[in-house]
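Here is what each chain is made of, one letter per residue.
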Amino acid sequence: MKTVYTCFCTEVIHEGHRNLIRQARRYGRVIVGALSDRALIRYNRFPTIPQEERIRLYRSLEGVDSVVLQDDMLYGDVLSLIRPEYVIHGDNWKTGPEAAIRARVIQQLEEAGGTLIETPYTDNERVRRLDRQLREKLAMPEYRRKRLRQLIGMCPVVKVLEAHSGLTGLIAEKTVVEQNGRLDQFDAMWVSSLCDSTAKGKPDIELVDMSSRLRTIDDIMEVTTKPIILDGDTGGLAEHFMYNVRTLERMGVSAVIIEDKKGLKKNSMFGTEAEQTQEDAATFSAKIRAGKRAQLTDDFMIIARIESLILERGMEDALYRASAFVEAGADGVMIHSRRKDPAEILEFCDRFRAQDRATPLVVVPTAFHDITEEELAAHGVNIVIYANQLTRSAFPAMQRTAEQILRCHRAKEADERLMSIQEIITLIDEL
Ligand code: SPV
Ligand code: MG
């Protein structure tokens with residue numbers, strides 16, 4: 001008997017899947033590949049039920065003979081293993097980023113003498129509603145909040161992009177690239193104090209207050225599902241920080257990062273050029289402890305940001321603080337540097353990992369931008385935050401447009417490199 005292979009990544013079985021299995025059945029015994037959690041988060045959407053449960057679900061379907069785990073979005077390995085005569089898939093992958101995956105499947109099947117069967121994708125109101133409901137589920141605080149911890153456990157490195165509005169949130173949420181047949185996307189969003197302040201035309205000195213920061217977070221949450229890490233600046237007074245932890249947790253924020261400075265905080269990229277004072281380790285530890293006491297769920301993370309390298313207090317001080325803050329209950333450590341050379345960051349990471357193998361490590365490679373995610377991960381980094389690049393790319397583009405209109409006394413010249421009106425009015429999904 002011939003073998004038909006199909007890959008599922010769904011959590012809910014609807015008529016489209018049943019139809020596909022019925023079709024597959026006509027050609028032979030049906031093997032369903034369950035896309036692994038790890039592959040799924042790069043490819044499609046974050047799972048709300050674990051892969052073991054999805055496997056059980058697919059096994060229970062009428063017409064399915066067996067289920068295997070497909071651990072890569074590319075079919076190469078699984079097809080070499082199973083050697084099916086047929087692969088069956090909905091015809092919705094002919095365009096868009098999945099087209100590259102399809103092309104590779106066709107090539108591999110051709111080489112092995114197999115055939116691709118494509119069935120019309122089931123696109124009706126019921127299926128669309130189910131899809132919307134699944135997405136909405138991911139936006140719920142209880143799902144979104146825990147997602148960062150889950151990602152740290154699943155990804156070699158969690159990639160985070162800055163967002164400071166609904167629109168930048170959508171970019172972080174939806175940008176997908178295809179490279180060598182594999183898809184990639186950002187895992188989470190960073191609500192930067194620098195970019196949130198800059199968007200409001202204000203300096204990054206904790207002037208934009210928490211009510212306004214929460215408003216920004218809410219705007220982002222309205223239109224996205226990915227987890228959010230808040231740049232909490234110094235965290236303010238410990239007594240206030242406790243209330244803010246509760247609020248953030250309730251909203252579904254996954255983590256807050258607070259930095260060990262006191263008094264008038266300035267942006268770290270000023271380094272010692274601006275007057276900035278580091279908080280003493282014991283007082284900052286007490287703030288972390290207060291935050292952890294206030295926290296209600298196990299999901300939320302309070303991450304301690306160490307400014308010793310920024311303020312030129314030395315590596316030993318940074319390492320001492322890292323262990324003191326972890327001891328105080330910090331769920332992660334962020335080390336920051338404004339040197340172009342990543343040497344001091346890497347030395348910190350290696351030495352920190354020698355003393356602590358488990359606590360998540362966060363870096364913000366703004367100044368040391370040559371280094372890749374892979375290299376950072378090799379030194380024990382878990383989370384890489386691209387903290388300001390969206391803002392820094394949008395600002396010069398907008399300024400150039402303003403100048404061009406002023407110079408030409410009309411919009412034609414500027415228009416030539418702008419997104420079309422049609423594109424912008426269809427950019428936002430309607431319910
Ligand atoms: C931010 O994005 O606001 C940060 C990172 O705190 S940095 O600007 O490098 O200090
Ligand atoms: Mg900041």
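Residues numbered from 1 in each chain as written. Chains lettered and ligands numbered in written order. Predicted model: local features only at pLDDT ≥ 70, side-chain atom pairs only at ≥ 80, totals over all residues. Heavy atoms only, no water.

The next thing to look at is the overall build of the protein chain. The secondary structure content of the protein chain amounts to 18 helices and 17 strands. Its C-alpha radius of gyration of 24 Å places the protein chain within 12% of the 22 Å reference for a compact globule of 431 residues. Per-residue burial over the protein chain gives 51% buried out of 431 residues. Taking all contacts inside the protein chain whose residues are at least 6 apart in sequence as the whole, residues at least 24 apart take part in 74%. Looking at the protein chain as shown, the accessible area adds up to about 21100 Å², and 51% of this sits on carbon and sulfur atoms. Considering the protein chain, the positive charge centre built from 60 side chains and the negative charge centre built from 67 side chains are found 3 Å apart. (Helix = DSSP H or I, 4+ residues; strand = E, 2+ residues; numbered from the N terminus. Rg over C-alpha atoms; globule rule 2.2 N^0.38 Å. Buried < 20%, exposed > 50% of the residue type's maximum accessible area, 1.4 Å probe, protein only. Contact = heavy atoms within 4.5 Å. Areas by Shrake-Rupley, 256 points an atom, 1.4 Å probe, with all protein chains shown as cover. Lys, Arg positive; Asp, Glu negative; His and termini not counted. Charge placed at Lys NZ, Arg CZ, Asp CG, Glu CD.)

Attention shifts here to the coordination of the magnesium ion (ligand 2). Only Ser 193 (OG) and Asp 231 (OD) from the protein coordinate the magnesium ion (ligand 2), and they sit 2.1 Å from it. Within this pair, whereas Ser 193 is found in helix α9 (residues 193-199), its partner Asp 231 is found in strand β10 (residues 228-231), the two being separated by 38 residues in sequence. Accessibility classification places Ser 193 together with Asp 231 in one group, the buried group. (Donors = N, O, S within 2.8 Å, 3.2 Å for Na, K, Ca; no water.)

Helix-helix packing is characterised by the crossing angle of the two axes and by the distance between the axes. Remark: helix α13 (residues 315-327) packs on helix α14 (residues 343-355), axes separated minimally by 10 Å, with the N-to-C direction vectors making an angle of 40°. The angle between α13 and α14 falls in the class oblique. Crossing geometry of α13 relative to α14 is assigned as right-handed. Contacts from Met 315, Glu 316, Ala 318, Leu 319, Ala 322, Ser 323 and Val 326 of α13 reach α14 at Glu 344, Glu 347, Phe 348, Arg 351, Phe 352 and Gln 355. (Axes fitted to C-alpha atoms, helices over the stretch in contact; angles between N-to-C directions. Parallel < 35°, antiparallel > 145°, perpendicular 65-115°, else oblique. Left-handed = near helix turned anticlockwise from the far one by under 90°.)

Let's shift gears to the sheet that holds strand β1 (residues 3-8). Sheet architecture is open: five strands sit in the order β3-β2-β1-β4-β5, paired in parallel fashion. At either end of the open sheet lies a strand with only one pairing partner, and these are β3 (66-70) and β5 (115-119). Averaged over all adjacent pairs, the angle separating strand axes in this sheet is 30°, with direction ignored. Two strands pair when backbone bridges link them, and β1 and strand β4 (residues 86-90) are joined in this way by two bridges, in the parallel orientation. (Pairing = 2+ DSSP bridges.)

Glancing now at the site of ligand 1. Around ligand 1 sit Trp 190, Ser 192, Ser 193, Leu 194, Asp 231, Asn 267, Ser 268, Met 269, Arg 305, His 336 and Ala 387, and that is every residue in its neighbourhood. Within the contact set of ligand 1, an oxygen atom lies 2.8 Å away from a side-chain nitrogen or oxygen of Asp 231. When ligand 1 is considered free in solution it has 290 Å² of accessible area, and contact with the protein chains removes 99% of it. In terms of residue class, the shell around ligand 1 is made up of four nonpolar, five polar and two charged. (Near = heavy atom within 4 Å. Polar contact = N/O pair within 3.5 Å; in protein donor to acceptor, adjacent residues only side chain to side chain. Nonpolar A, V, L, I, M, F, W, Y, C, P; charged D, E, K, R; others polar.)

Glancing now at the domain arrangement of the protein chain. Splitting the protein chain by domain gives domain 1 (3-130), domain 2 (146-387) and domain 3 (393-425). One C-alpha centre belongs to domain 2, the other to domain 3; they are set 34 Å apart. (Domains from an automatic or database assignment.)

Let us now look at the nonpolar core. Counting 50 residues, the largest nonpolar core has Ile 217, Phe 325 and Phe 348 as its most contacted members. The element contributing the most residues to this core is α13, with six residues. Counting residues in each nonpolar core, the second largest holds 22 residues, with Met 301, Ile 303, Ile 385 and Ala 387 among its members. (Core = buried A, V, L, I, M, F, W, Y, C linked by side-chain atoms within 4.5 Å.)

Here we take up the pattern of salt bridges. Counted according to the given criterion, the structure contains 38 salt bridges. The partner of Asp 37 in a salt bridge is Arg 54, and the shortest N-O contact between them spans 2.9 Å. Placement of Asp 37 in helix α2 (residues 37-43) and of Arg 54 in helix α3 (residues 51-59) is noted, with a sequence separation of 17 residues between them. This pair shows no difference in class: Asp 37 is buried, exactly as Arg 54 is. Lys 265 is the partner of Asp 204 in a salt bridge, and the nearest nitrogen-oxygen pair spans 2.9 Å. In this pair, Asp 204 is assigned in the loop between α9 and α10 (210-223) and Lys 265 in the loop between β12 (261-262) and β13 (277-278), connecting sequence segments 61 residues apart. For the pair Asp 204 and Lys 265, one class covers both residues: buried. The structure contains a network of salt bridges with shared partners spanning Asp 196, Lys 200, Asp 204, Arg 213, Asp 233 and Lys 265. (Salt bridge = Lys/Arg side-chain N within 4 Å of Asp/Glu carboxyl O.)

Looking now at the sheet that holds strand β14 (residues 301-306). Here eight strands make up a closed barrel; going around it, the order is β6-β9-β10-β11-β14-β15-β16-β17 and the pairing parallel. Adjacent strand axes in the sheet meet at a mean angle of 25°, parallel and antiparallel pairs treated alike. Alignment of β14 against strand β15 (residues 332-335), held across four bridges, turns out to be parallel. For Arg 305, the partnering residue across the bridge sits in β15 and is Met 334.

Let us look at the pairing of strand β7 (residues 176-179). Pairing of β7 with strand β8 (residues 182-185) involves four bridges; the strand directions are antiparallel. Looking at β8, one finds that Gln 179 is bridged to Arg 182. As consecutive antiparallel partners, β7 and β8 are separated by two residues, and within that stretch Asn 180 has a phi angle of approximately 50°, a positive value.

Taking 1.5 Å per residue as the helical rise, α14 with its 13 residues ought to reach 18 Å, and the 19 Å between its terminal C-alpha atoms agrees with that figure. Along α14, the residues classified as buried are Glu 344, Ile 345, Leu 346, Phe 348, Cys 349, Phe 352 and Arg 353. Turning to α14, the residues buried within the fold contact β14, α13, β15, β16 (361-363) and α15 (373-378). (Expected span 1.5 Å × (residues − 1).)

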